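One-letter residues, chain by chain:
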Amino acid sequence: MKIESAKFIKGVLGSDNILEDGIPQVAFIGRSNVGKSSVINSLVNRNDLARTSSFPGRTQQINLFLINNSLYFVDLPGYGYAKLPGELKDSLRAMVNWYFFVSNYQQKKVVLIIDASVGPTGDDLDILHNLEDYKKDIIVVANKTDKIKQTEYEEQFKTIKKLIGAHKIIPYSAKKKIGVEELLGEILL
Ligand code: GTP
Ligand code: MG
């Protein structure tokens, strides 16, 4: 499985013809700052395709990247952006909810990214259960494994598995490029 080409097409704020053009969508969702944009960059092997930042709330649009001329990666704003002003926070949340639960757009896969070193939070489990209710095809990426102490790794993944339930979980590090091949295998199928 390989990515031969990746290019940013555009960012949208709501319904748009591009979301209805029939090209399959793989959506990346997760709390703000868990590394959604970094995971996309690691998959396409570029540092700068999706904009990343240590400041939560970097991504404020539904950004569409065309992969191998046949698939969109959809980079979404994070949820739970504690440091953003309330109004912006509400509008970002509404946009993400609209994309997944109100619009009729289908996703080939939804990649739910969590922070492996923190474990699934209440917000993570809320969105997971909403996605389940809407019968989305979910895969969980536990990013930032490089931040887990070796001695705590096994215990941490036991906890993650217990909370996430039946879904496939891929241990991942966008920083160290761990899990890239496995995730590509799941989403490029
Ligand atoms: P928003 O767009 O604000 O929702 O954030 P995001 O989820 O897209 O996160 P982003 O990719 O911008 O990364 C947030 C921060 O986490 C940046 O400082 C990244 O360098 C860092 N980061 C991302 N992936 C990893 C990882 O695997 N390991 C470590 N240690 N840091 C990471
Ligand atoms: Mg982002």
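Refer to the structure above for everything that follows.
Since we're looking at a predicted model, the values are computed, not measured.

On the basis of which strands lie adjacent, the open sheet formed by seven strands has the order S1-S3-S4-S2-S5-S6-S7 and mixed pairing. The outermost strands of the open sheet, each flanked by one partner alone, are strand S1 (6-12) and strand S7 (169-171). Put simply, the sheet's adjacent strands are angled 25 degrees from each other on average, direction ignored. One ladder, built from six bridges, connects strand S5 (residues 109-115) with strand S6 (residues 138-143); its direction is parallel. Looking at S6, one finds that Ile-114 is bridged to Ala-142. Strands strand S2 (25-30), strand S4 (71-75), S5, S6 and S7 of the sheet are contacted by helix H5 (residues 180-187), whose axis makes an angle of about 155 degrees with S5.

By the element assignment, Ser-173 lies in the loop between S7 and H5. Using a relative accessible area of 0% as the deciding quantity, one classes Ser-173 as buried. At 2.8 Å, the side chain of Ser-173 forms a polar contact with the side chain of Asp-146. A distance of 2.9 Å separates a polar atom in the side chain of Ser-173 from the backbone nitrogen of Lys-176. Apart from residues lying up to four places away in sequence, Ser-173 is in contact with Asn-143, Lys-144, Thr-145, Asp-146 and Ile-178.

The rules we used
- Residues numbered from 1 in each chain as written.
- Chains lettered and ligands numbered in written order.
- Predicted model: local features only at pLDDT ≥ 70, side-chain atom pairs only at ≥ 80, totals over all residues.
- Heavy atoms only, no water.
- Pairing = 2+ DSSP bridges.
- Helix = DSSP H or I, 4+ residues; strand = E, 2+ residues; numbered from the N terminus.
- Axes fitted to C-alpha atoms, helices over the stretch in contact; angles between N-to-C directions.
- Contact = heavy atoms within 4.5 Å.
- Buried < 20%, exposed > 50% of the residue type's maximum accessible area, 1.4 Å probe, protein only.
- Polar contact = N/O pair within 3.5 Å; in protein donor to acceptor, adjacent residues only side chain to side chain.

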